[in-house]
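# A look at the structure
Next come the chains, spelled out residue by residue.
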Amino acid sequence: MRRRPVAGVPPDEMEKATTKTPSPSLCFLLTLSAFFWFLLLYFHFVVLGNQSPNPGPLPLTFESRKNLGFPEDVSLSEPQAQTPPEPTFPFARALRTADNKSDPCGGRYIYVHDLPSRFNEDMLKECRSLSLWTNMCKFTTNAGLGPPLENVDGVFSDTGWHATNQFAVDVIFSNRMRQYECLTRDSSLAAAIFVPFYAGFDIARYLWGYNISTRDAASLELVDWLTRRPEWGIMNGRDHFLVAGRITWDFRRLTEEETNWGNKLLFLPAARNMSMLVVESSPWNANDFGIPYPTYFHPAKDDDVFVWQDRMRRLERKWLFSFAGAPRPGNPKSIRGRIIEQCKRSKVGKLLECDFGESKCHSPSSIMRMFQGSLFCLQPQGDSYTRRSAFDSMLAGCIPVFFHPGSAYTQYTWHLPKNYTKYSVFIPEDDIRKRNVSIEERLRQIPEEEVRIMREEVISLIPRLVYADPRSKLETLKDAFDVSVQAVIDKVTSLRKDIIQGRTDDNFIEENSWKYALLDEGQREVGPHEWDPFFSKPKDGSGDSGDSSAQAAKNSWKNEQRNQS
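Rules used throughout
- Residues numbered from 1 in each chain as written.
- Predicted model: local features only at pLDDT ≥ 70, side-chain atom pairs only at ≥ 80, totals over all residues.
- Heavy atoms only, no water.
- Pairing = 2+ DSSP bridges.
- Helix = DSSP H or I, 4+ residues; strand = E, 2+ residues; numbered from the N terminus.
- Contact = heavy atoms within 4.5 Å.
- Axes fitted to C-alpha atoms, helices over the stretch in contact; angles between N-to-C directions.
- Buried < 20%, exposed > 50% of the residue type's maximum accessible area, 1.4 Å probe, protein only.
- Disulfide = S-S within 2.5 Å.
- 1 Å grid on protein atoms, 1.4 Å probe; cavity = no way out; pocket = protein on both sides within 12 Å on 5 of 7 lines; lining within 4 Å.
- Points joined across faces, edges and corners; volume = space filled by probe spheres on them.
- Nonpolar A, V, L, I, M, F, W, Y, C, P; charged D, E, K, R; others polar.
- Parallel < 35°, antiparallel > 145°, perpendicular 65-115°, else oblique.
- Left-handed = near helix turned anticlockwise from the far one by under 90°.
- Salt bridge = Lys/Arg side-chain N within 4 Å of Asp/Glu carboxyl O.
- Polar contact = N/O pair within 3.5 Å; in protein donor to acceptor, adjacent residues only side chain to side chain.

## Here's the deal with the sheet that holds strand E6 (residues 319–325)
If you walk across this open sheet you meet the five strands as E7-E6-E8-E9-E10, and the pairing is parallel. Strand pairing shows two members of the sheet lacking a second neighbour, strand E7 (349–353) and strand E10 (425–426), which therefore form its edges. Against the sheet, helix H12 (residues 336–345) engages E6, E7 and strand E8 (374–379), with an angle of about 140 degrees to E6.

Here is the structure:
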């Protein structure tokens with residue numbers, strides 16, 4: 001109800017009005033007005049009166065604290081001491097991918113540098129220049145596997161066999177990388193970074209008749225290109241790796257003298273930070289790692305491997321031991337001559353002599369047939385520590401016999417068991433050199449059941465010793481490529497964790513690199529070892545064996561010349 005205005009009311013009427021009893025509506029309005037003023041005064045004097053002149057911030061709820069970036073365990077009820085922010089690392093994102101269990105590639109991503117073609121593909125276009133004595137053009141076909149081998153003698157499988165050159169790993173590995181299931185274009189996710197430089201093909205072009213400037217040119221250009229890339233700055237190259245299908249000594253020229261062998265790729269400061277995978281590594285240096293020589297077998301699917309393994313288990317092996325190789329009359333330390341003598345004298349030994357001119361040693365079927373018929377295959381040092389023959393023999397299910405730990409045990413620690421007695425026999429060179437050990441007698445002492453167990457171990461190793469066909473993909477098995485890539489990832493991941501935790505290897509001695517490769521998980525310190533005498537050659541200040549390693553590399557090339565003559 002609207003109230004009437006009081007203005008203009010006669011005084012006598014006003015008087016009469018005051019004597020009347022107020023209406024119920026008027027009483028209600030007066031009460032409501034009084035209550036309103038009471039609330040207003042109460043709020044002003046009681047509520048506002050208790051507030052401080054400078055009120056602090058309103059409390060934050062859990063959700064608001066989280067959204068503003070506060071740590072969840074910070075208590076707001078009392079003041080917190082300020083702590084310095086934790087350091088951030090450019091590779092932290094890559095490490096975190098391993099925690100994502102729903103990502104099958106978590107912790108396994110590989111970033112591949114897009115190198116200018118002069119570092120790889122252009123070399124294949126000029127394949128005739130890749131070797132002084134060998135036409136490498138046919139060996140670079142079929143993704144680097146070489147021409148197919150026909151199974152005319154029934155020695156091979158019907159598919160998967162190729163006349164693969166022992167120095168073709170550069171292109172085989174790069175082609176396998178192209179179908180790696182966890183490639184990424186985002187380098188911040190990468191567990192490791194691959195450099196597809198054909199280092200072995202590069203040096204092969206210039207080893208004979210070229211000056212050191214020519215031999216070093218591509219390596220220097222590569223390092224210059226890499227160090228300008230933002231990916232390099234993440235770890236200064238310590239997460240980078242490359243592959244060379246040659247022995248390490250081709251990349252370790254010690255001086256600037258024109259007569260010295262090879263280039264200096266592995267001695268360049270930037271390259272010292274990278275990991276280089278080679279078919280033979282140095283026992284005294286930390287930036288190279290041994291990977292298997294390629295064999296003739298390149299399976300396209302798991303079943304190719306399983307069928308081959310079953311066949312090797314069922315073979316009848318009539319020879320106790322065999323050897324395929326040539327003597328080294330120019331090397332007084334070589335025991336090959338004496339091994340050949342023992343093979344010739346033994347009724348249970350088989351010899352395939354390799355020398356100038358036509359030889360069955362140059363026939364893959366002849367070599368594999370002999371290995372398939374032998375229980376043990378003798379693998380003395382070649383021109384350097386290692387031989388392709390060791391992998392060909394294990395592919396045939398033949399137990400290798402080594403005479404120097406540098407021929408396998410300190411080389412291929414990623415691919416072979418550290419307990420070498422599980423799959424091989426070791427006879428020290430001096431035992432043969434001093435003529436106080438008969439190889440036949442030594443092998444006859446091994447019980448038949450132990451031989452069977454060792455042979456089964458060798459056959460079980462076959463998948464990780466062969467390079468699968470790069471044009472296909474094994475379903476469940478891991479080949480030599482897979483094993484190598486995972487080992488690089490593990491190495492880089494371990495290094496990154498050490499950096500985060502502030503761990504340093506202050507006691508690391510590079511000359512003892514071969515010892516560190518033999519350590520068990522978690523071990524960091526090395527000491528005296530039974531194989532010290534094998535690796536105690538005189539060395540210069542660079543941790544290399546100088547003349548002996550260069551001569552080994554030269555001999556390797558002379559042997560290649562012999563094979564092609």
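That was the structure; now back to the text.
## Quick look at the sheet that holds strand E4 (residues 275–280)
Here five strands make up an open sheet; going across it, the order is E1-E2-E3-E4-E5 and the pairing parallel. Single-partner strands in this sheet number two, and they are strand E1 (110–112) and strand E5 (288–290). For this sheet, the mean inter-axis angle between neighbouring strands, taken without regard to orientation, is 35 degrees. When strand E2 (residues 192–194) meets strand E3 (residues 240–247), the two strands line up parallel, connected through two bridges. Among the inter-strand pairings, Ile 193 is bridged to a residue of E3, identified as His 240. Sitting on the sheet, helix H6 (residues 169–178) touches E1, E2, E3 and E4, and the angle it makes with E3 is about 145 degrees.

## A closer look at unusual backbone geometry
Most of the time, phi is negative for any residue but glycine, and the peptide bond is trans. Although it is not a glycine, Asn 142 adopts a positive phi angle of roughly 55 degrees. Within the element layout of this structure, Asn 142 appears in the loop between helix H5 (121–125) and H6. Overall, Asn 142 belongs to the partly exposed group, its relative accessible area being 26%. In this structure, Asn 236 is a non-glycine residue whose phi angle is positive, near 55 degrees.

## Thoughts on the environment of Cys 377
Relative to the assigned elements, Cys 377 resides in strand E8. The spatial distance from the C-alpha of Cys 377 to the C-alpha of Cys 398 is 6.0 Å, given a sequence separation of 21 residues. Setting aside residues no more than four positions away along its own chain, Cys 377 makes contact with Ser 322, Phe 371, Ser 393, Cys 398, Ile 399, Pro 400 and Val 401.

## Some points on H6
In terms of residue burial, H6 counts as a mostly covered element, since nine of its ten residues are buried. For H6, every residue scored as buried is listed here: Val 169, Asp 170, Val 171, Ile 172, Phe 173, Ser 174, Asn 175, Arg 176 and Met 177.

## Points about the state of the cysteines
Under the counting rule described, the total for this entry stands at three disulfides. Cys 105 shares a disulfide with Cys 182; S-S distance 2.1 Å. In this structure, the disulfide formed by Cys 105 and Cys 182 twists by about -80 degrees around the S-S bond and is classed as left-handed. With Cys 105 in the loop between helix H4 (92–96) and E1 and Cys 182 in the loop between H6 and E2, this pair connects stretches of sequence that are 77 residues apart.

## Some points on the pairing of E4
Of all six residues in E4, six are buried, a share of seventy percent or more. For E3 and E4, the ladder comprises five bridges, and the chain directions are parallel. Its bridge partner being in E4, Val 243 is matched across the sheet by Leu 277.

## Some words on the layout of surface pockets
Roughly 1900 Å³ of internal volume is contained in the largest pocket. Along the wall of the largest pocket there are 48 residues; nearest its centre are Phe 289, Lys 491, Ser 494, Asp 505 and Tyr 516. Of all elements in the fold, only helix H10 (269–273), E5, helix H18 (480–501) and helix H19 (513–516) reach the threshold of two or more residues within the lining of the largest pocket. The element contributing the most residues to the lining of the largest pocket is H18, with ten residues. Per-class residue counts for the lining of the largest pocket are 15 nonpolar, 17 polar and 16 charged.

## Things to note about the packing of helix H7 (residues 199–206) against helix H8 (residues 212–227)
The interhelical angle for the contact between H7 and H8, taken along N-to-C directions, is 160 degrees, at an axis separation of 9 Å. Here H7 lies roughly antiparallel to H8, going by the angle between them. Crossing handedness for the pair H7 and H8: right-handed. Along its contact with H7, which presents Asp 202, Ile 203 and Tyr 206, the element H8 presents Thr 214, Arg 215, Ala 218 and Ser 219. Of the residues assigned to the contact of H7 with H8, the class counts are three nonpolar, two polar and two charged.

## Digging into the pattern of salt bridges
In total, this model carries 33 salt bridges according to the counting rule given. Arg 369 is the salt-bridge partner of Asp 153, the closest N and O atoms lying 3.4 Å from each other. Remark: Arg 369 occurs in helix H13 (residues 364–372) and Asp 153 occurs in the loop between H5 and H6; sequence separation between them is 216 residues. One salt-bridge network, held together by shared partners, links Asp 216, Arg 253, Glu 256 and Lys 264.

## Thoughts on the side chain of Ser 374
Along the chain, Ser 374 turns up in strand E8. Residue classification places Ser 374 among the buried positions, given a relative accessible area of 0%. At 2.9 Å, the side chain of Ser 374 forms a polar contact with the side chain of Ser 322. The residues contacting Ser 374, other than those within four sequence positions of it, are Arg 317, Trp 319, Ser 322 and Cys 398.

## So, empty space enclosed by the protein
The full count for this structure, using the stated rule, is two cavities of 30 Å³ or more. Along its surface, the second largest cavity is lined by Ser 281, Ser 282, Pro 283, Tyr 385, Gly 406, Thr 410, Gln 411 and Phe 535. Grouping the constituent residues of the lining of the second largest cavity by class yields three nonpolar, five polar and no charged.

## A word on the environment of Lys 344
When you line up the elements, Lys 344 lands in helix H12. Classification of Lys 344 by relative accessible area gives exposed; the value is 55%. If near-sequence neighbours (up to four positions away) are discounted, Lys 344 is found in contact with Leu 351 and Glu 353.

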